[in-house]
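Structural overview for review
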Amino acid sequence: MPQWLSAQDQVFIQGQVVDSDSLAPIPYVHIRGQGGKTGTATDAEGFFGVNVLRQDTIMFSSVGYKPYFLVPADSASESLTKLTIVMVPQVNELREITIKAYDNIEQFIRREPVPFSLNRPKGEPLFERKDPKEVPAISVAGGMNGARLEGGVTALANLFNSKFQQEKKLKEIMAMEEGEAQQQRIRDAMTERYQEMLVLADDDLSNADIQRFTLEYMPPPSVMLYQDDYTVMIGILHSLGNFEDETERKLAVQKLLKNKVFEGDISTIRQ
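Residues numbered from 1 in each chain as written. Predicted model: local features only at pLDDT ≥ 70, side-chain atom pairs only at ≥ 80, totals over all residues. Heavy atoms only, no water.

This part takes up the pairing of strand S1 (residues 10–19). The sheet contact formed by S1 and strand S4 (residues 47–53) spans seven bridges and is antiparallel. Bridge pairing in S4 links Gly 15 to Phe 48. (Pairing = 2+ DSSP bridges. Helix = DSSP H or I, 4+ residues; strand = E, 2+ residues; numbered from the N terminus.)

What follows is about the packing of aromatic side chains. A ring pair, where both rings are aromatic, is described by two values, the distance of the centres and the angle of the planes. Following the criterion strictly, the structure yields six aromatic pairs and no others. Ring geometry for Phe 213 and Phe 243: centres 5.1 Å apart, planes at 80°, overall edge-to-face. With Phe 213 in helix H4 (residues 207–217) and Phe 243 in helix H6 (residues 229–259), this pair connects stretches of sequence that are 30 residues apart. According to the relative accessible area criterion, Phe 213 is buried, its value standing at 0%. Given a relative accessible area of 2%, Phe 243 falls into the buried group. Taking 6.3 Å as the distance between ring centres and 85° as the angle between the ring planes, the aromatic pair formed by Tyr 217 and Phe 243 counts as edge-to-face. Of this pair, Tyr 217 sits in helix H4 while Phe 243 is found in helix H6, placing the two residues 26 residues apart along the sequence. Among the aromatic residues, those joined into a cluster by ring pairs are Tyr 194, Phe 213, Tyr 217 and Phe 243. (Phe/Tyr/Trp six-rings, centres within 6.5 Å; stacked < 30°, edge-to-face > 60°. Buried < 20%, exposed > 50% of the residue type's maximum accessible area, 1.4 Å probe, protein only.)

What follows deals with the sheet that holds strand S6 (residues 68–70). Pairing is antiparallel across the open sheet formed by four strands, whose spatial order is S3-S2-S5-S6. Across the chains shown, the open sheet's two edge strands, defined by having one partner strand only, are strand S3 (39–41) and S6. Averaged over all pairs of adjacent strands, the angle between strand axes in this sheet comes to 20°, irrespective of strand direction. For strand S2 (residues 30–33) and strand S5 (residues 58–61), the ladder comprises four bridges, and the chain directions are antiparallel. Residue pairing in the sheet places Arg 32 in a bridge with Met 59 of S5. (Axes fitted to C-alpha atoms, helices over the stretch in contact; angles between N-to-C directions.)

Geometry only, nothing functional implied.
Rendered as structure tokens:
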């Protein structure tokens, strides 16, 4: 008899859960009876089917939606297998927060407050008058070169400032020398590279011609540093024609000067 009565109290419900705004199916909605152990969930298309107690309150719940409650006894038996559960989205507003920037972590960390107590040893007044402690007098005086300390720490402060300035100046000089040394290393490396490629282009040049050609036609080292070998060789071949013509002219002038005897006023020769 109890089993027969329990079977009479149960009812099969079936249907689909949809969104109230778009009417799109809501998948994986939890379905649970509050008075019994009945429970299931909708499938990927929002459909469900489950046996529940007729007098129970069935709750449909899903993240982002307001819960929906259904009492099968309040519905017709014909409609329990064609249910359409419409769930309304639930908007949760978060509390406003303020983000501030801190210069260091010490400002961010909250320090524990120092406890304050009115309890004092017996006989000791809560507010007592104490004589100020004697401290060495230090004054600050202005001048043409800014403020300076006067008093017992003047010599120490001046010594520290002098040492600090000397170390700062020394670091600047060392940095300058290191920069100049690095520039010289770049010049030497680029000059060696340029002269090696010059010999490949014309191996008949003498050492004097190589030095003169390098002095007249070599690009700045800062430019050569970013040029490939092809670009450098094209520049050398282009400049060799001008260099050979200039060399021939100088040899011809030297030959004329060697064989020619000039007569007359020296000012005419200079002109």
